[in-house]
Number of protein chains: 2
Amino acid sequence: MQLEQTLGLAAGMLVTCSMIPQLIRVFQLKSAREISKFFAILLLMGMLCWIAYGIYLNLTPIIIWNAIGAVLTSILLYAKLKYGK
Amino acid sequence: MQLEQTLGLAAGMLVTCSMIPQLIRVFQLKSAREISKFFAILLLMGMLCWIAYGIYLNLTPIIIWNAIGAVLTSILLYAKLKYGK
């Protein structure tokens, strides 16, 4: 695998997977007061734009990472609506 | 501007700027208990990988968005260390 592919894979995986400990934290505490609703909404909109970009240019890694990211961010938004105030 | 450029610009801007309301929220509440330290660390590492990827392939938008994102995420990590527990 070439250096740029390894870097791109590591970068996408780290950024997408970073949401997992955040989700665990919020669901463990059953509290999302400090999570900004606009953070989750803007991030979700951005990821949907990346998916459209990936589909348009046929970039499979961009589509896959952002699809996983969009699902995780949707769960955070759900947690915010459920536990936030 | 072509459709893919517009989509890429919108996507990068939305994802990067999503951190701004989150930072405002944490600094307003002076509390970062619910923010996962691993979220901030993994996200920062991922963005640094994207910057290296952008430098390697000479992709200016990738470098710029992730440099701004890395600064914002560093501020979130600082807030976590200052206000979190």
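Since the model is a prediction, treat every value here as computed from it, not as a measurement.

1. Re the interface of chain A and chain B
Stage number 1. Contact with chain A, which involves 38 residues of that partner, is made by 38 residues of chain B.
Stage number 2. Around 3400 Å² of area is buried between chain A and chain B when both sides are counted, 72% of it from carbon and sulfur atoms.
Stage number 3. A per-residue breakdown of the area chain A buries against chain B is headed by L14(A), E34(A) and F39(A), which together make up 21% of the total.
Stage number 4. For the pair chain A and chain B, the number of links is zero salt bridges.
Stage number 5. Joining chain A to chain B, the criterion identifies 11 residue pairs in polar contact (both at pLDDT 80 or more).
Stage number 6. At the level of elements, α1 (3–17), α2 (19–29) and α3 (37–57) of chain A are the ones that each hand at least two residues to the side of chain A that touches chain B.
Stage number 7. Among the elements that take part in the side of chain A that touches chain B, α3(A) stands out by supplying 13 residues, more than any other.
Stage number 8. When the residues that make up the side of chain A that touches chain B are grouped by side-chain class, the tally is 25 nonpolar, seven polar and six charged.

2. Some thoughts on the environment of T73(B)
Stage number 1. Relative to the helices and strands, T73(B) resides in helix α4 (residues 60–83).
Stage number 2. Placed 39 residues apart in sequence, T73(B) and E34(B) show a C-alpha to C-alpha distance of 15 Å.

About the cut-offs
Residues numbered from 1 in each chain as written. Chains lettered and ligands numbered in written order. Predicted model: local features only at pLDDT ≥ 70, side-chain atom pairs only at ≥ 80, totals over all residues. Heavy atoms only, no water. Contact = heavy atoms within 4.5 Å. Buried area = accessible area lost by both parts, 1.4 Å probe. Salt bridge = Lys/Arg side-chain N within 4 Å of Asp/Glu carboxyl O. Polar contact = N/O pair within 3.5 Å; in protein donor to acceptor, adjacent residues only side chain to side chain. Helix = DSSP H or I, 4+ residues; strand = E, 2+ residues; numbered from the N terminus. Nonpolar A, V, L, I, M, F, W, Y, C, P; charged D, E, K, R; others polar.

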